[in-house]
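Letter by letter, the chains look like this.
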Amino acid sequence: MSCNDRSKRQRKQTSRSPRGVRLLASNARNGRPYRRLTAQQRSLGLPCWICGHSILYEIRGPLAGKHPLAFTLDHLVPLSRGGALLDPVNARSAHRRCNSARGNRTTVRQPRTSRRW
């Protein structure tokens with residue numbers, strides 16, 4: 001194997017910008033526009049759009065990934081069904097538990113009413 005072939009293979013393994021800085025993986029949820037949309041939605045302080053109860057917005061960081069009542073950005077039209085990731089009209093505030101339970105369904109279960117009248 002020549003030296004030229006070896007350098008080509010090394011260039012393929014690491015992606016670098018023109019200035020030589022390593023690039024992050026191309027996950028749109030790590031980008032600045034998605035973080036900005038999440039911050040805007042969080043600042044509104046809205047209740048969960050699925051169940052209607054208040055969200056614990058003060059939970060942040062690693063704890064928010066585990067707490068069922070923490071804030072998550074949900075999408076009205078799921079991304080797997082063609083919804084836009086960065087569209088503010090498609091963004092909704094939801095509990096982590098409600099967002100996970102909903103999955104990629106487009107309909108929301110209606111809360112059960114009490115049988116006691």
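Note that the structure is predicted; figures quoted are calculated from it, not measured. Starting from 1, residues in each chain are numbered consecutively following that chain's sequence as written. Per-residue local features are limited, in this predicted model, to residues with pLDDT of at least 70; the limit for side-chain atom pairs, both in listing and counting, is 80 or more; totals at the level of whole chains, interfaces and linings are taken over all residues. Only hydrogens and water are set aside; all other atoms, that is, all heavy atoms of the structure, feed into the side-chain values.

Caption draft 1: Representation of the pairing of strand S1 (residues 71-75) in the model. The element S1 is extensively covered by neighbouring structure, given that five of its five residues are classed as buried. Each residue is placed in one exposure class: buried if its accessible area under a 1.4 Å probe, protein chains only, is under 20% of its type's maximum, exposed if it is over 50%, and partly exposed if it falls in between. Under the scheme used here, helices are H or I runs from DSSP no shorter than 4 residues and strands are E runs no shorter than 2 residues, and both carry numbers assigned from the N terminus. Residues Phe71, Leu73 and His75 of S1 are buried on one face, and the alternating residues Thr72 and Asp74, pointing to the opposite face, are buried as well. In the sheet, S1 pairs with strand S2 (residues 91-95) via five bridges, with the strands oriented antiparallel. Of the residues in S2, the one forming a bridge with Phe71 is His95. Here the rule is simple: two strands pair whenever DSSP picks up at least two bridges between them.

Caption draft 2: The arrangement of the pattern of salt bridges in detail. Criterion for a salt bridge: a side-chain nitrogen of Lys or Arg within 4 Å of a carboxyl oxygen of Asp or Glu. Under the counting rule described, the total for this entry stands at one salt bridge. Residues Arg102 and Asp74 are paired through a salt bridge, measuring 3.1 Å at the closest nitrogen-oxygen approach. In this pair, Arg102 sits in helix H3 (residues 96-102) while Asp74 sits in strand S1, placing the two residues 28 residues apart along the sequence. The exposure classification of Arg102 matches that of Asp74, with both residues buried.

Caption draft 3: How the structure looks around the packing of aromatic side chains. Stacked, tilted and edge-to-face are the three classes assigned to paired rings of Phe, Tyr and Trp, where Trp is represented by its six-membered ring and a pair needs centres within 6.5 Å; plane angles under 30 degrees give stacked, over 60 edge-to-face, the rest tilted. For the structure on display, the rule yields one aromatic pair. With 5.6 Å between their ring centres and 35° between their planes, Tyr57 and Phe71 make a pair best called tilted. Of this pair, Tyr57 sits in the loop between helix H2 (32-44) and S1 while Phe71 sits in strand S1; the two residues are 14 residues apart in sequence, bridging distant segments of the chain. According to the relative accessible area criterion, Tyr57 is buried, its value standing at 14%. With a relative accessible area of 4%, Phe71 lands in the buried category. The criterion is that NZ of a Lys, or CZ of an Arg, lies within 6 Å of the ring centre and within 35 degrees of the ring normal, and then a charge sits over that ring. Over the ring of Trp49 we find Arg92, and its NZ or CZ is 6.0 Å from the ring centre.

Caption draft 4: Inspection of the nonpolar core at higher detail. Among the nonpolar cores identified, the biggest contains 12 residues, and these are Tyr34, Leu37, Cys48, Ile50, Ile55, Tyr57, Phe71, Leu73, Leu85, Ala91, Ala94 and Cys98. Elements with a minimum of two residues in this core: H2, S1 and S2. Once you skip the residues sitting within four places of it in the chain, Tyr57 turns out to touch Arg42, Gly45, Leu46, Phe71 and Ser93. Put simply, buried Ala, Val, Leu, Ile, Met, Phe, Trp, Tyr and Cys residues joined by side-chain atoms within 4.5 Å make one nonpolar core. Contact criterion: two residues are considered in contact whenever any of their non-hydrogen atoms come within 4.5 Å of each other.

Caption draft 5: Region of interest: the side chain of Arg42. Topologically, Arg42 is positioned in helix H2. Within the buried core, Arg42 has no salt-bridge partner, and the shortest N-O distance to an opposite charge, that of Glu58, equals 7.9 Å. Not counting the four nearest positions on each side in its chain, Arg42 is found in contact with Tyr57, Ile59, Arg60 and Phe71. In this tally Asp and Glu are treated as negative and Lys and Arg as positive; neither His nor the chain ends contributes.

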